[in-house]
Amino acid sequence: MPGFEKRILGLKKPTVLTTAQLNTPIGPMLAGLTDEGLALLEFTDPERLTAQLLATKRWLGCTVEDGTHLLLEQLATELDEYFEGRREAFTIPLVLAGTSFERDAWGALQAIPYGETRSYAEQARSIGRAKAVRAVGRANGRNRLAIVVPCHRVIASGGRLCGYSGGLWRKQYLIELESHHAPGDAAQAAACCS
C-alpha cells in the first residue's frame, strides 16, 4: 500500500534516494539521502546492503541515483566527529521508514545515552512491550541507519554481545569507542561488554 506508507512518513511526492559511499575506521558505508534527510546508512557488506537498499526503496517508493547531496557533507562531518570521540549525538535529519512498532523500537535506540548499553528486554520494556523481546530484536535488525540509530548499544541480558548485522567486531569497536569517550558513569556502564 504505497499511499499508506507515504502518509506514515509525511512524504507527498516520489523521492530520489541519492547514494554515496563514505569511508569509516570500521569499513566503507553507503549513505542514502533524500531531501527529507538520511534514509540509509549501511556497511557495504553485499549480503546486508542489498536487502537494506531494497527495503529503503520499497518504503520510500523512490528511485536510486549515485551522486552528491546537500546533506552528505553534514553526514560525513558528523561521522568523522563521532569516530574521533567528539560527537555523542547526530543532528542530521532522519527518515525512519518502517512500521509503527519498528519506529518505536528505533526511538528507544535513540534514547540510549552515548556510552551506555541496554538489553533487548530493557528496550522492549521501554516501549511498553515487555514480552516483545524477539520482535524488538527483529526491528533492530531492520534498522537501516547504522551508528546514527545506535542498535550497537543493545546487548544480551547477560551482557554478552549478540545480534549485530554489521558484525560483532564492529559492535565491540563502537561500544569501546563510546565507553572510552563517555563521561564517567556512562563509561562504567558500557564496560560490561569489554
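Computed from a predicted model, the values in this text were never measured in an experiment.

Rules behind the numbers
- Residues numbered from 1 in each chain as written.
- Predicted model: local features only at pLDDT ≥ 70, side-chain atom pairs only at ≥ 80, totals over all residues.
- Heavy atoms only, no water.
- Helix = DSSP H or I, 4+ residues; strand = E, 2+ residues; numbered from the N terminus.
- Buried < 20%, exposed > 50% of the residue type's maximum accessible area, 1.4 Å probe, protein only.
- Contact = heavy atoms within 4.5 Å.
- pLDDT = per-residue confidence, 0-100.
- Pairing = 2+ DSSP bridges.
- Axes fitted to C-alpha atoms, helices over the stretch in contact; angles between N-to-C directions.
- Salt bridge = Lys/Arg side-chain N within 4 Å of Asp/Glu carboxyl O.

On to the environment of P25. Among the structural elements, P25 can be located in the loop between β1 (16–22) and β2 (29–34). Assessed through its relative accessible area of 52%, P25 is described here as exposed. Considering only alpha carbons, one finds P25 and E84, 59 residues apart in sequence, at a separation of 9.9 Å. Not counting residues within four places of it along the chain, the set of residues in contact with P25 comprises F83 and Y173.

We now examine unusual backbone geometry. One non-glycine residue, I147, lies in the positive phi region at around 70°. Note that I147 resides in the loop between α6 (133–141) and β6 (154–155). On the basis of relative accessible area, I147 is assigned to the buried category, the value being 1%.

Detailed reading of predicted coordinates is not advised where the pLDDT is low. Considering every residue of the protein, the mean pLDDT works out to 89; 87% of them sit at 70 or more. In the model of the protein, helix α1 (residues 2–9) stands out as the element of lowest mean pLDDT, 42, in contrast to helix α3 (residues 72–83), which has the highest, 98. In this model residues 1–8 is a low-confidence stretch, pLDDT under 50, and it forms eight contacts with partners more than four residues away in sequence or in other chains. With pLDDT under 50 throughout, residues 186–191 is counted as low confidence; its partners more than four residues away or in other chains account for twelve contacts.

Strand order across the open sheet formed by four strands is β3-β2-β1-β4, with mixed pairing between neighbours. Pairing within the sheet leaves two strands with one partner each, and these edge strands are β3 (37–43) and β4 (63–66). Neighbouring strand axes in the sheet, compared pairwise and without regard to direction, differ in orientation by 25° on average. Sheet topology note: the β1/β4 ladder contains four bridges and is parallel. When the sheet's bridge partners are listed, T19 is paired in β4 with D66. Across the sheet, α3 touches β1, β2 and β3, and the angle it forms with β1 is around 35°.

Below, the discussion takes up the pattern of salt bridges. Tallying each qualifying case throughout the model produces seven salt bridges. One salt bridge in this structure joins R48 and E42, with 3.4 Å as the shortest N-O distance. Residue class for E42 comes out buried when judged on its relative accessible area of 2%.

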